[in-house]
Amino acid sequence: LDPWDETPPRRITDEERQALAMFLVITHFEQFDINIGRHHDILNLARQNRWLEEDPGTVELLCQLQRCIKKTGGQADRLDDKVEGFLVSAINTLAAPSRAGCSAGYGKL
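Residues numbered from 1 in each chain as written. Predicted model: local features only at pLDDT ≥ 70, side-chain atom pairs only at ≥ 80, totals over all residues. Heavy atoms only, no water.

Taken as a whole, this structure holds four salt bridges when the rule is applied. Between glutamate 16 and arginine 10 there is a salt bridge, with the nearest N and O atoms lying 2.5 Å from each other. Glutamate 16 gets classed as buried once you look at its relative accessible area, which sits at 13%. Look at arginine 10 and you get buried, because its relative accessible area is 19%. In this structure, arginine 67 engages glutamate 60 in a salt bridge whose closest nitrogen and oxygen atoms are separated by 2.9 Å. Judged by its relative accessible area of 8%, glutamate 60 falls in the buried class. (Salt bridge = Lys/Arg side-chain N within 4 Å of Asp/Glu carboxyl O. Buried < 20%, exposed > 50% of the residue type's maximum accessible area, 1.4 Å probe, protein only.)

Here it is in structure tokens:
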């Protein structure tokens, strides 16, 4: 089973909310594009906000938000699709390294 299944979502402060919003923006990329050009910015933001990578509750929070958007089913609009894209990009950036066996996180890939 997924080790995050029982991880509680991180409760973020207002300051952390700003950092998380910035993380969503810089990790996002449109279909058929990549975010490699923002690699330096992603690393800097993650270094300044270690909780992004170190607290598994961050990924759980993002996953719960993404699931909430999915629950709307056919009622989703273009804004929901855009927000979901931001969430998925951030989830992939944070979760992919550990899933690939790199426990040190994104900066060590």
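This part is about the packing of helix α1 (residues 14-27) against helix α5 (residues 78-99). Packing of α1 against α5 leaves a shortest axis separation of 8 Å and a crossing angle of 90°. Judged by the angle between their axes, α1 and α5 are roughly perpendicular. Each of Phe23, Leu24, Val25 and Thr27 in α1 lies in contact with α5, whose residues at this interface are Phe86, Leu87, Ser89, Ala90, Thr93 and Leu94. Of the residues contributing to the contact of α1 with α5, the split by class is seven nonpolar, three polar and no charged. (Axes fitted to C-alpha atoms, helices over the stretch in contact; angles between N-to-C directions. Helix = DSSP H or I, 4+ residues; strand = E, 2+ residues; numbered from the N terminus. Parallel < 35°, antiparallel > 145°, perpendicular 65-115°, else oblique. Contact = heavy atoms within 4.5 Å. Nonpolar A, V, L, I, M, F, W, Y, C, P; charged D, E, K, R; others polar.)

Those residues of helix α2 (residues 39-48) not exposed but buried are Ile42, Leu43, Leu45 and Ala46. Across the axial projection of α2, the buried residues extend over an arc of 165°, all falling on one side. Exposed side chains of α2 directed beyond 90 degrees from the buried face belong to His40 and Gln48. The inward-facing, buried residues of α2 abut α1, α3 (51-54) and α5. (Arc of directions from axis to C-beta.)

Counting all residues, the mean pLDDT for the protein chain is 82, and 80% of those residues have values of 70 or more. Within the protein chain, α1 carries the highest mean pLDDT (94), whereas α5 carries the lowest (85). (pLDDT = per-residue confidence, 0-100.)

Here we come to the side chain of threonine 27. Here threonine 27 shows up in helix α1. Threonine 27 gets classed as buried once you look at its relative accessible area, which sits at 0%. A distance of 2.8 Å separates a polar atom in the side chain of threonine 27 from the backbone oxygen of phenylalanine 23. Only 3.5 Å separates the side chain of threonine 27 from the backbone oxygen of leucine 24, close enough to count as a polar contact. (Polar contact = N/O pair within 3.5 Å; in protein donor to acceptor, adjacent residues only side chain to side chain.)

In a soluble, globular protein the nonpolar side chains are often hidden away together inside. Ranked by size, the top nonpolar core spans 20 residues in total, and within it Leu20, Phe23, Leu24, Leu52, Val59, Leu62 and Leu94 carry the most contacts. Mapped by element, the contributors of at least two residues to this core are α1, α2, α3, α4 (56-71) and α5. Among the elements that line this core, the one with the most residues is α5, at six residues. With residues up to four places along the chain from it excluded, the contact list for leucine 20 reads Ile12, Trp51, Leu52, Thr58, Leu61 and Leu62. (Core = buried A, V, L, I, M, F, W, Y, C linked by side-chain atoms within 4.5 Å.)

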